[in-house]
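Coordinates in review
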Amino acid sequence: DLVALDIRGNFTDAGLAHLQNLSNLEFLDIQNSAVTDAGIDALFGLKKLRVLKLPDRITDKAKARLRAALPGLPADAFSSRIESSRYETDGLRSW
């Protein structure tokens, strides 16, 4: 099962709907995508998410909706300081 995903480029809100079945996803990087606030609700079912890198255009209001829907998200889940390399080198080996 996929636990980490980094999506870049012309990935839009419509594409988020295709992630809904990735129930084991813990790390999702969509910061370099075309995703907007309108598509964020598609992530509500990803209950195992621990890191979620979002595009800068995502508002605090949308982030609050995500926090309400995903109470398991750590306080720093939206932090851009969390490096993908931690998951690429440390985390993925243990998964």
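Below is a short write-up of the structure. The model shown is predicted, which means the values in this text are computed figures rather than measured ones.

Alignment of strand 1 (residues 4-8) against strand 2 (residues 27-32), held across 4 bridges, turns out to be parallel. Across the sheet, the residue bridging to Ala-4 is Phe-27, located in strand 2. Looking at chain direction, strand 2 and strand 3 (residues 51-53) are connected through 3 bridges and run parallel. Among the inter-strand pairings, Phe-27 is bridged to a residue of strand 3, identified as Val-51.

For the rest of this paragraph, the subject is the environment of Arg-65. In this structure, Arg-65 sits in helix 2 (residues 60-69). Exposure remark for Arg-65: the relative accessible area of 30% places this residue in the partly exposed category. Taking the C-alpha atoms as reference points, Arg-65 and Asp-37, 28 residues apart in sequence, are found 9.8 Å from one another. Residues in contact with Arg-65, not counting those within four places in the same chain, are Asp-37, Ile-40, Asp-41 and Phe-44. Of note is the side chain of Arg-65, whose polar atom sits 3.0 Å from the backbone oxygen of Asp-37.

Calculation criteria
- Residues numbered from 1 in each chain as written.
- Predicted model: local features only at pLDDT ≥ 70, side-chain atom pairs only at ≥ 80, totals over all residues.
- Heavy atoms only, no water.
- Pairing = 2+ DSSP bridges.
- Helix = DSSP H or I, 4+ residues; strand = E, 2+ residues; numbered from the N terminus.
- Buried < 20%, exposed > 50% of the residue type's maximum accessible area, 1.4 Å probe, protein only.
- Contact = heavy atoms within 4.5 Å.
- Polar contact = N/O pair within 3.5 Å; in protein donor to acceptor, adjacent residues only side chain to side chain.

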